[in-house]
Each structure stands twice: as C-alpha cells, then as structure tokens.
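Fold and geometry: a report
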Amino acid sequence: MTTNVKKKTIEYLKLFVKWLIIIAVIGIIGGFVGSFFHKCLELVTYMREGNSKLILFLPIAGLMITAIYHPFKSKGKLNTNRILEAAETDGNVPLILSPIIFVSTLITHLFGGSAGREGAALQLGGCIGYNLGKLFKLNKSELHTIVMVGMSSFFSAMFGTPLAAAIFALEVVRAKNIHRKSIIPCLLSSAIAYMIARLVGTEGVRFTVETAKITPDILLKAAILAAFCALVSIVFCLAIKWSSVSLKKLFTNDYIRSFAGGVIILLLAYLLKTTDYNGAGMSVIERAMRGEATSMAFVMKIIFTAITIAAGFKGGEIVPTLFIGSTFGCVFGPLIGLDAAFASSLGFIAVFCGVVKCPLASVALAVEVFGGEGILIYTLVCAVSFVLSGKFCIYEHIKLAHMPVNTAK
C-alpha cells in the first residue's frame, strides 16, 4: 500500500468517525428532547381537555407568543421556512429559535389554538442540527446535510415514523435534487432518535385499519377520492395564505392581530359548542379511523387552523392536515362505496401528500402508520393527489419549478 493510499484511507476513516459521532449526537438529542417535547404536549393537552375554561385565555396566549417573538424580529423570519431555506442555501439559523418555538407551541396547545407539532419538530431539529454543525466547524455543504439530519431525528422521535421522517427531510428540502450523501445520515439519525423515543415510552402514530382487497373497482374509487383530496389540499393551502394576508391587512399591529385571532377562535368554539377543532385533534383522527366523523369537520378544521396560524400562534400545519384528510375521507368515502375507516386512512395520506408535496415520504408514512398491506392503493392516492394538487404547498420555498410540469412547446 503506497503512502498516498494510506493517507487517503486514514482521511476517510477520520471523516467516517467524525460523521458517525455527529449523527449519533444529533440522534440522541433528537430522541430525548423530541420525546420530552412530545410528553409536554400531551400534558398541556390533558390540562386543556380537563379544564374547558382555559380556552378563555386564548387571546391572552396570543399576546404572550407575540411578546416572546417580538425582541427577535431583527433576526428575520423565525419559522419552518427559515429551516428549509437553511438546508438549501447559505442562510443561518439563530439558536434562539429552539427555546421560543418550544415554549410558544406549548402555549398554543395549552389554550386551544388549532395547530400541530411538526413545525416545532422541524424547527427544533433543524436549529439544533445547524448550530451543532457550526460547533463542529462543518463547511456550507455539510451544514445543509446536518440541518436535514436534525429535522429527521426530531420528526422521527415525535411521530414514531423513522423512515417517513428521513425521507420527508430529504424530499421537502431537495424537492428537485436529493443528494445521495445526505440519505444515510438522515436515516441513521432518524433510527437512533426513534429507538430512544421508544425506550423512554413515547408512542408513535399507529392505526389499525382493515385494508380493502385490491380490485379495479377499489382502485378507481381510491383514485376518485384522491382527486377530491387534492382539491381539499388546495383549499387548505389557499386558506392559510388568504388568512395570513387578510389578518395582516385588518390588523397591522402584531399584538392586536394575535389577540383578535384568539378572540375569533374562542367565539367559533363557543358558537359550535365543541372543542374538537382546538389543539391538534388527534382524538378526532382516532374517531375517523373508526369510521366516525361529522360532515363539516374537515371544513371547520381548515378555518380554525388557517386563523390560528395567520394570527401568529405556533405549532405547524401537518397534524391539522391529517385531521382534515382523515375526516374528509371518512365522510366522502362512503358516498362512492368505500368503507369509512379505510377511506379515512386514504384521505389521511392523500391530503398530506397534496399539502407538503412529498410523495415518497407520504407512501413511507402510510406503510409505517397503517402497515404495508395496502401499499399499492396508498401509492396510487399519493400519485393522484400529488399531480392534481399542482403547485400549491404550505411551504413557501417549494416553487412551481419543483413540480412535474411539462415546459415543452
């Protein structure tokens, strides 16, 4: 073995050990911190459901969140899109993003804002990954990878779907080009975080739904359902955008806007005489998976979530997306001859795919949440929803250029 070969071998070994340590550190942090955050969310949800009067303080909660973010306005936007852009460009991620998204998401859920938890998971993971990368003095290209590694670990710990978490981080960041060098690090960190989360007792998202036998008739009905789910995903994306623009025009002051948004959500909850649309709504999703959903549940969740996000509350849109998809599928499926529970699972995946534009992650999510028996049907609904939902997406950085459109004359 020549001297040059020995040097290169030693360099590769050092690089391998370096990345193995970094991935393990992020996976371990993601597993423990993600699990702790998950437990905190369960606790505040339990507190809210046990004390219905907490929702009365939602407008005050909006003021609290605005006050938390106000001192850091000079740092630019502090949201999920900041993380996604940092994974694609040379943008930085201030460390302060981690504690403020952690606290503000808990406040949102405690007092009944309609939001999810994936926004916090992606921001926590991406922020910690980026800043650890800076600590390890990684170069720009490596920083992009480490942001995705962080996103994967936290998403995996909180949802219990390691494969979907890794693919989602890769796909949502590299909608056009998935770098091969990032695949293994994301998968490893996701797996480590998942194992730790299970060890500390954090339960993943799992549903038992009887899958229909694959026949031409079932495939056709599933495709029809997916087409309508694509329409629902477009409506949801437009509702988020329209609400944000409208509330900013009506209330130019951040404090007034957050307070007003809290008042609107509070009034809607009391007019409807239900808190089903406050918080993430996992209990409603569970009922939908049993074939139980009210006809307007998906519409009301769209309204509640759009106003919540536009007003400045924190958490994310993915769990509300799953709520919307599962309840819509449960209601619409029987109209075209599908079992309500099975149609709920199809809607769960199809609307998710249409909203985030990540078809591979959507198929992986279906397999991990519902099992692999119906993979062909879930793949079909993902494909239909992805194509028919067009350019619409809840993430700003995913442009039309990333979509599979034909530009030929």
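Refer to the structure printed above.
Remember, it's a predicted structure, so these values are computed and weren't measured experimentally.

Observations concerning the packing of aromatic side chains
- Under the defined criterion, the tally for this structure stands at 15 aromatic pairs.
- Pairing Phe348 with Phe370 gives two aromatic rings, centres 5.3 Å apart and planes at 80°, and the pair type is edge-to-face. Placement of the pair is Phe348 in helix α14 (residues 340-356) and Phe370 in helix α15 (residues 359-370), with a sequence separation of 22 residues. Here Phe348 matches Phe370 in class, with each residue buried.
- Here the aromatic rings of Phe370 and Tyr378 are separated by 5.6 Å at their centres, their planes lie at 10°, and the arrangement is stacked.

A look at the nonpolar core
- Formed by 126 residues in total, the largest nonpolar core has its most connected members in Phe168, Phe348 and Tyr395.
- Considering every element that reaches this core, the biggest residue donor is α14, with 12 residues.
- Aside from chain neighbours lying at most four places away, what touches Phe348 is Phe207, Ile285, Met289, Leu322, Gly325, Ser326, Leu365, Val369 and Phe370.

Some details on a nonpolar patch on the surface
- Residues Phe16, Val17, Leu20, Ile21, Leu135, Phe136, Leu163, Ile184, Leu187 and Leu188 make up a contiguous nonpolar surface patch of about 900 Å² in total accessible area.
- The leading source of residues in the nonpolar patch is helix α1 (residues 3-50), at four residues.
- Looking at where Phe136 falls in the secondary structure, it is placed in the loop between α5 (118-135) and α6 (140-159).
- Taking the relative accessible area as the measure of exposure, Phe136 reaches 32% and is therefore partly exposed.

Quick notes on the side chain of Ser182
- Position of Ser182 among the secondary structure elements: in helix α8 (residues 180-199).
- Of note is the side chain of Ser182, whose polar atom sits 3.0 Å from the side chain of Thr145.
- In this structure, Ser182 is in contact with Thr145, Met148 and Leu170, ignoring residues within four places of it in sequence.

Here we look at the packing of α14 against α15
- Following both chains from N to C, one finds α14 and α15 inclined at 155°, their axes separated by 9 Å at the closest point. Viewed along their axes, α14 and α15 adopt a mutual orientation that is roughly antiparallel. Where α14 crosses over α15, the two elements pack in a sense that is right-handed. Here Ser345, Phe348, Ile349, Phe352 and Cys353 of α14 come into contact with α15, specifically with Pro359, Ser362, Leu365, Ala366, Val369 and Phe370.
- The residue makeup of the contact of α14 with α15, split by class, is nine nonpolar, two polar and no charged.

Structural notes on the environment of Gly91
- Secondary-structure assignment places Gly91 in the loop between α3 (80-86) and α4 (97-111).
- Residue class for Gly91 comes out partly exposed when judged on its relative accessible area of 27%.
- Residues Gly91 and Lys140, spaced 49 residues apart in sequence, show a C-alpha to C-alpha distance of 9.6 Å.
- Gly91 has contacts with Ala86 and Tyr130, leaving out every residue within four places of it along the chain.

What about the packing of helix α7 (residues 162-173) against α8?
- It is the contact of α7 with α8, at a shortest axis distance of 8 Å, that shows an interaxial angle of 145°. Handedness of the α7/α8 crossing: right-handed. When α7 is examined against α8, the residues Pro162, Leu163, Ala165, Ala166 and Leu170 are found in contact with a partner set consisting of Ser182, Ile183, Cys186, Leu187, Ser190, Ala191 and Tyr194.

Conventions and cut-offs
Residues numbered from 1 in each chain as written. Predicted model: local features only at pLDDT ≥ 70, side-chain atom pairs only at ≥ 80, totals over all residues. Heavy atoms only, no water. Phe/Tyr/Trp six-rings, centres within 6.5 Å; stacked < 30°, edge-to-face > 60°. Helix = DSSP H or I, 4+ residues; strand = E, 2+ residues; numbered from the N terminus. Buried < 20%, exposed > 50% of the residue type's maximum accessible area, 1.4 Å probe, protein only. Core = buried A, V, L, I, M, F, W, Y, C linked by side-chain atoms within 4.5 Å. Contact = heavy atoms within 4.5 Å. Patch = residues over 30% accessible without salt bridge, like charges linked within 9 Å, V, L, I, M, F, W, Y side chains within 5 Å. Areas by Shrake-Rupley, 256 points an atom, 1.4 Å probe, with all protein chains shown as cover. Salt bridge = Lys/Arg side-chain N within 4 Å of Asp/Glu carboxyl O. Polar contact = N/O pair within 3.5 Å; in protein donor to acceptor, adjacent residues only side chain to side chain. Axes fitted to C-alpha atoms, helices over the stretch in contact; angles between N-to-C directions. Parallel < 35°, antiparallel > 145°, perpendicular 65-115°, else oblique. Left-handed = near helix turned anticlockwise from the far one by under 90°. Nonpolar A, V, L, I, M, F, W, Y, C, P; charged D, E, K, R; others polar.

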